[in-house]
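Now for the letters of each chain:
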Amino acid sequence: MSVPYRINAEKEKASEDLLVGSQGGLRASDKIPLIARGHVSDRAKKTLDIVERFVEEECIPADAIWSQQIGEGVQKRFSAHPPIMEDLKKRARELGLWNMFLPKNHFKEGAGFSNLEYGLMAEYLGRSLTASEATNCAAPDTGNMEVFAKYGTQAQKDRWLKPLLEGQIRSAFLMTEPDVASSDATNIGLTMRKDGDHWVLNGRKWWSSGAGDPRCQIYIVMGKSDPANASVYKQQSVILVPADTPGITIDRMLSVYGFDDAPHGHGHITFHDVRVPAANMVLGEGRGFEVIQGRLGPGRIHHAMRSIGAAEKALEYFLARINDPRKKPFGKQLHEHGIMLERVARSRIEIDTARLTVLNAALMIDSKDAKFALKEIAEAKVQVPAMALEVIDRAVQAFGGAGVSQDTPLANMWAHGRTMRIVDGPDEVHLLQLGRNENKRGKAMLEKLEWQKKRSEEMAAAYGMKKRDVLQLDRVHSDKKSKL
Ligand SMILES: Cc1cc2nc3c(=O)[nH]c(=O)nc-3n(C[C@H](O)[C@H](O)[C@H](O)COP(=O)(O)OP(=O)(O)OC[C@H]3O[C@@H](n4cnc5c(N)ncnc54)[C@H](O)[C@@H]3O)c2cc1C
């Protein structure tokens, strides 16, 4: 066997029917929504089935081992590199599951799939704690690799993109700051001062995901390089900062509802006179907004598809719990209480609907680029986390006390899902953008309705009629008899 955790071929064959066949004999490729199927190549369908088996048979069982191998205590947990992860990575490469996220029509460095095809795969990756990293498709590296591939110079690509694509190092994206409202990136204030052929950085960052991992070697940092520029969209730049540059301190790690997300975690970092070569600038001085906007489009779709996978997994837990013969409140199994079946049905409808929204956004990106798909991406970004939280919450409820404990992955899934309503722009920002754009039709709609009313009056006249409400009553109360 190539990796130590593999058991034996016979047992692995037997698991196929249980894990995949139990879903009515349908494989992942059979479950692709009909409207998307024509856009998925045979190679992608085959890979999707391999992803499904890899996740169900190898990654999900490995999740608990990985969590345990991280160990205990803050110093240990944030320097851990669980051995099972390297074994999973080796296995993923044997199966040809590596870097599937880089879309073929925009990059030559990836595995040659479209956003839609990868979206379908990401759904399965989202069911497991380990699957995304095992296939080198984990955030924030995915978005960061896109930045390097899209905007990096050859020297930057050789130095950072190559080892990232090989899964040898990890990276972090440092935009958010504790002292300003960072959902409005014009507020980002870490100072960048030019000094000869270097930039000197001073300020504080937080929610720097991935910075806790000792393998995290490169930070992509947004700062203010030209505060006096008349355009607020040209004051910021993005620069590459090696994580071991003198003057950087990771002060502490932030928790998510108490979960530390070790080993990668979320860092609170201070920059004190950090000197970086000018050649590390990405795309050019004052072009920070272009970089962050280019980075976020497909990344939001990845998050959304993984959230669909998390919702599917929660539904599986729900189904397992309501069919557990040991648990019979008031003399009946939970599935015999009608309200539970209604929740199953609602979950099915909501997951299937949300999936269509995400796949549609992925198709829009494939048809041109992320900018072209802004509306569809925002729709998915708002709809999917809300849906996933609702479905996970129903499963938590069905498990009773166990649902909020460490005995199921549901509590962790809910905490992670809740952050999706904040990261990459909070709900409100996307809703505002969607609402504003939709409302651009408002004046035209008012004019259209007035025009249709007038047209209707003209038509009535053509038939010799006076336009009158069909419910016109004209009942007048008086001492005399009613008119009617
Ligand atoms: C788990 C996790 C991981 C993260 N990873 C990273 C990372 O790797 N790199 C990074 O740079 N950042 C990261 N972030 C930070 C995240 O992107 C920010 O928290 C987010 O952009 C919001 O910025 P803020 O926290 O400064 O909130 P603020 O900008 O202060 O906003 C606070 C609240 O104000 C409301 N609000 C904002 N704008 C509007 C509006 N226009 N209309 C009405 N209400 C509004 C919303 O309710 C919003 O939640 C992460 C956050 C979390 C929780």
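Residues numbered from 1 in each chain as written. Predicted model: local features only at pLDDT ≥ 70, side-chain atom pairs only at ≥ 80, totals over all residues.

Re the overall build of the protein
Stage number 1. A tally of regular secondary structure across the protein gives 16 helices and seven strands.
Stage number 2. Viewed in the frame of its principal axes, the protein has a C-alpha envelope of about 95 × 70 × 45 Å.
Stage number 3. Buried positions account for 41% of the 484 residues belonging to the protein.
Stage number 4. If you take every contact in the protein between residues at least 6 apart in sequence, the share linking residues at least 24 apart comes to 70%. (Helix = DSSP H or I, 4+ residues; strand = E, 2+ residues; numbered from the N terminus. Buried ≥ 20, exposed ≤ 12 C-beta atoms within 10 Å, placed from the backbone. Contact = placed C-beta atoms within 7 Å.)

Some details on the nonpolar core
Stage number 1. Ile239, Ala311, Ala314, Val358, Ile392 and Ala395 are the most contacted members of the largest nonpolar core, which has 109 residues in total.
Stage number 2. Counting residues per element, this core draws most heavily on helix α12 (residues 374-399), at 14 residues.
Stage number 3. With sequence-adjacent residues up to four places away left out, valine 358 is seen in contact with Gly119, Ile301, Ala304, Met305, Ile308, Ala380 and Val384. (Core = buried A, V, L, I, M, F, W, Y, C linked by C-beta atoms within 7 Å.)

Considering the site of the ligand
Stage number 1. In the vicinity of the ligand lie 22 residues, with Met175, Ser182, Ser183, Trp207 and Ser209 positioned nearest.
Stage number 2. Elements supplying a minimum of two residues to the shell around the ligand: β1 (170-174), β3 (198-209) and α15 (427-439).
Stage number 3. Within the shell around the ligand, the residues separate by chemical class into twelve nonpolar, eight polar and two charged.
Stage number 4. Inspection of the shell around the ligand shows a minimum of three residues originating in each of domain 2 (171-282) and domain 3 (297-425). (Near = placed C-beta within 6 Å. Nonpolar A, V, L, I, M, F, W, Y, C, P; charged D, E, K, R; others polar. Domains from an automatic or database assignment.)

So, α12
Stage number 1. For α12, which comprises 26 residues, the first-to-last C-alpha distance of 38 Å matches the rise-based estimate of 38 Å (1.5 Å per residue) to within 8%.
Stage number 2. Burial runs high along α12: 19 of the 26 residues are buried.
Stage number 3. The first or second residue beyond α12 is glycine 400, which carries a positive phi of 60 degrees. (Expected span 1.5 Å × (residues − 1).)

Structural notes on the environment of aspartate 30
Stage number 1. Relative to the assigned elements, aspartate 30 resides in the loop between α1 (9-21) and α2 (34-37).
Stage number 2. By the C-beta count within 10 Å, which is 14 here, aspartate 30 ends up partly exposed.
Stage number 3. A C-alpha to C-alpha distance of 46 Å links aspartate 30 and glutamine 75, two positions 45 residues apart in sequence.

Brief notes about the UniProt feature "domain: Acyl-CoA dehydrogenase/oxidase N-terminal" (unreviewed entry) in the protein
Stage number 1. Within the UniProt annotation, "domain: Acyl-CoA dehydrogenase/oxidase N-terminal" (unreviewed entry) is assigned to residues 45-167.
Stage number 2. Taken end to end, residues 45-167 is 65% helix and 0% strand, and its first and last C-alpha atoms sit 25 Å apart. (UniProt positions renumbered as here; feature names shortened; annotations may be inferred.)

Concerning the packing of helix α10 (residues 288-322) against α12
Stage number 1. As a packed pair, α10 and α12 sit with axes 8 Å apart at the nearest point and diverge in direction by 20 degrees. When the interaxial angle is binned, α10 and α12 end up roughly parallel. For the pair α10 and α12, the crossing hand works out as left-handed. (Axes fitted to C-alpha atoms, helices over the stretch in contact; angles between N-to-C directions. Parallel < 35°, antiparallel > 145°, perpendicular 65-115°, else oblique. Left-handed = near helix turned anticlockwise from the far one by under 90°.)

Some points on the UniProt feature "domain: Acyl-CoA oxidase/dehydrogenase middle" (unreviewed entry) in the protein
Stage number 1. Taking the numbering used here, the UniProt-annotated feature "domain: Acyl-CoA oxidase/dehydrogenase middle" (unreviewed entry) corresponds to residues 172-274.
Stage number 2. The span residues 172-274 shows a helical share of 0% and a strand share of 50%, and its end C-alpha atoms are spaced 17 Å apart.

A few points about the pairing of strand β7 (residues 266-277)
Stage number 1. Here β3 runs beside β7; their pairing, made up of nine bridges, is antiparallel. Bridged to leucine 201 within β7 is valine 274.
Stage number 2. Sheet topology note: the strand β6 (residues 248-254)/β7 ladder contains six bridges and is antiparallel. Along β7, the bridge assignment pairs leucine 254 with histidine 266. (Pairing = 2+ DSSP bridges.)

So, the domain arrangement of the protein
A common way to express how large an interface is: the accessible area buried when the components associate.
Stage number 1. What the domain assignment reports for the protein is domain 1 (9-139), domain 2 (171-282) and domain 3 (297-425).
Stage number 2. Listed per partner, the contact involves 17 residues of domain 1 and 21 residues of domain 3.
Stage number 3. Looking at the side of domain 1 that touches domain 3 element by element, the count peaks at seven residues for helix α6 (residues 115-125).
Stage number 4. Across the side of domain 1 that touches domain 3, the residue classes tally to nine nonpolar, six polar and two charged.

A short note on the pairing of strand β4 (residues 216-224)
Stage number 1. Within β4, seven of the nine residues are buried, which leaves it mostly tucked inside the rest of the structure.
Stage number 2. Two elements, β1 and β4, share five bridges in a ladder whose sense is parallel. Bridge pairing in β4 places serine 171 opposite isoleucine 218.
Stage number 3. Summarising the sheet, β4 and strand β5 (residues 236-242) pair through seven bridges and their orientation is antiparallel. In the sheet register, lysine 224 faces β5, and the bridge partner there is glutamine 236.

Structural notes on the environment of lysine 375
Stage number 1. Topologically, lysine 375 is positioned in helix α12.
Stage number 2. Note on lysine 375: 15 C-beta atoms within 10 Å, which makes it partly exposed.
Stage number 3. Linking lysine 375 and phenylalanine 330, residues 45 residues apart in sequence, is a C-alpha distance of 48 Å.

Regarding the packing of helix α3 (residues 42-70) against α6
Stage number 1. At a closest axis distance of 9 Å, the pairing of α3 and α6 adopts a crossing angle of 10 degrees. The angle between α3 and α6 places the two elements in the roughly parallel class. Contacts from Ala44, Thr47, Leu48, Val51, Glu52 and Val55 of α3 reach α6 at Glu117, Leu120, Met121, Tyr124 and Leu125.
Stage number 2. Across the contact of α3 with α6, the residue classes tally to eight nonpolar, one polar and two charged.

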